[in-house]
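# Geometric and topological summary
Next come the chains, spelled out residue by residue.
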Amino acid sequence: HGGALLADLISRATAHGHRSIVALIDAGQEASLDLHARHGFTRAGTLTGVGYKFGRWLDLIYMQWERPAA
């Protein structure tokens, strides 16, 4: 279901003329990182120890999708 939502988001963003989408994902969420990668997102960087959730500090991975060149 997440794949369908992400595909729809990309489709809508493209239809509105956006050329890039940025996602910030908890570095420990491999399933989410893999899902985004399957939809064309690439890793663009890491923010170390910037999120705090359930009593622990989290690293966040920047992932970016870019519209293919015409």
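Notes on the structure follow. Every value quoted in this text rests on a predicted model; they were computed, and no experiment measured them. (Residues numbered from 1 in each chain as written. Predicted model: local features only at pLDDT ≥ 70, side-chain atom pairs only at ≥ 80, totals over all residues. Heavy atoms only, no water.)

## Section: the overall build of the protein
As a reminder, the rule being used: Only runs of H or I of at least four residues qualify as helices and only runs of E of at least two qualify as strands under DSSP, and these elements are numbered from the N terminus. Between buried and exposed lies partly exposed: a residue is buried under 20% and exposed over 50% of the maximum accessible area for its type, with that area taken using a 1.4 Å probe on protein chains only. Here the Shrake-Rupley method, with its probe set to 1.4 Å, supplies the accessible areas, and only the displayed protein chains count as covering residues. In this tally Asp and Glu are treated as negative and Lys and Arg as positive; neither His nor the chain ends contributes. For charged residues, the charge sits on one atom: NZ in Lys, CZ in Arg, CG in Asp, CD in Glu.
Within the protein, the regular secondary structure consists of two helices and three strands. The helix and strand sequence of the protein, counted from the amino end, reads α-β-α-β-β. Counting only C-alpha atoms and orienting by the principal axes, one finds that the protein spans roughly 45 × 25 × 20 Å. Here the protein holds 70 residues, and 24% of them are scored as buried. Counting every atom, the protein has about 5,000 Å² of accessible surface; 55% of that belongs to carbon and sulfur. Of note, the protein has its 7 positive side-chain charges centred 5 Å away from the centre of its 6 negative side-chain charges.

## Some thoughts on the side chain of His36
What counts is decided by this rule: Contacts were defined at the residue level, with two residues in contact if any of their heavy atoms lie within 4.5 Å.
Examined against the element boundaries, His36 turns out to sit in helix 2 (residues 30-38). A relative accessible area of 12% means that His36 is categorised as buried. Leaving out residues up to four positions away in the same chain, His36 has contacts with Leu6, Ala23, Ile25, Phe41 and Met63.

## Quick word on a nonpolar patch on the surface
Basically, it comes down to this: Residues enter patches when their relative accessible area tops 30% and they take part in no salt bridge; the joining distance is 9 Å for like charges and 5 Å for the nonpolar side chains Val, Leu, Ile, Met, Phe, Trp and Tyr. We define a salt bridge as a contact between a side-chain nitrogen of Lys or Arg and a carboxyl oxygen of Asp or Glu at a distance within 4 Å.
Among the surface-exposed residues, Val22, Leu24, Leu47, Val50 and Tyr62 lie close enough to one another that they form a single nonpolar patch of about 400 Å² accessible area. When contributions to the nonpolar patch are tallied by element, the ones reaching two or more residues are strand 1 (20-26) and strand 2 (42-53). Tracing the backbone through its elements, the reader meets Val22 in strand 1.

## Description of unusual backbone geometry
Although it is not a glycine, Phe54 adopts a positive phi angle of roughly 50°. Take Phe54: it is sitting in the loop between strand 2 and strand 3 (56-66). When its relative accessible area of 79% is taken as the criterion, Phe54 is described as exposed.

## As for the pattern of salt bridges
Inspection of the entire model under this criterion finds two salt bridges. For Arg12, the salt bridge identified is with Asp8, shortest N-O distance 2.7 Å. Remark: Asp8 and Arg12 occur in helix 1 (residues 2-15); sequence separation between them is four residues, near one turn of the helix. Judged by relative accessible area, which is 52%, Arg12 ranks as exposed. The residue Asp26 makes a salt bridge to Arg56 at a minimum N-O spacing of 4.0 Å. Taken together, the residues Asp26 in strand 1 and Arg56 in strand 3 connect sequence positions 30 residues apart. For Asp26, a relative accessible area of 15% gives the class buried.

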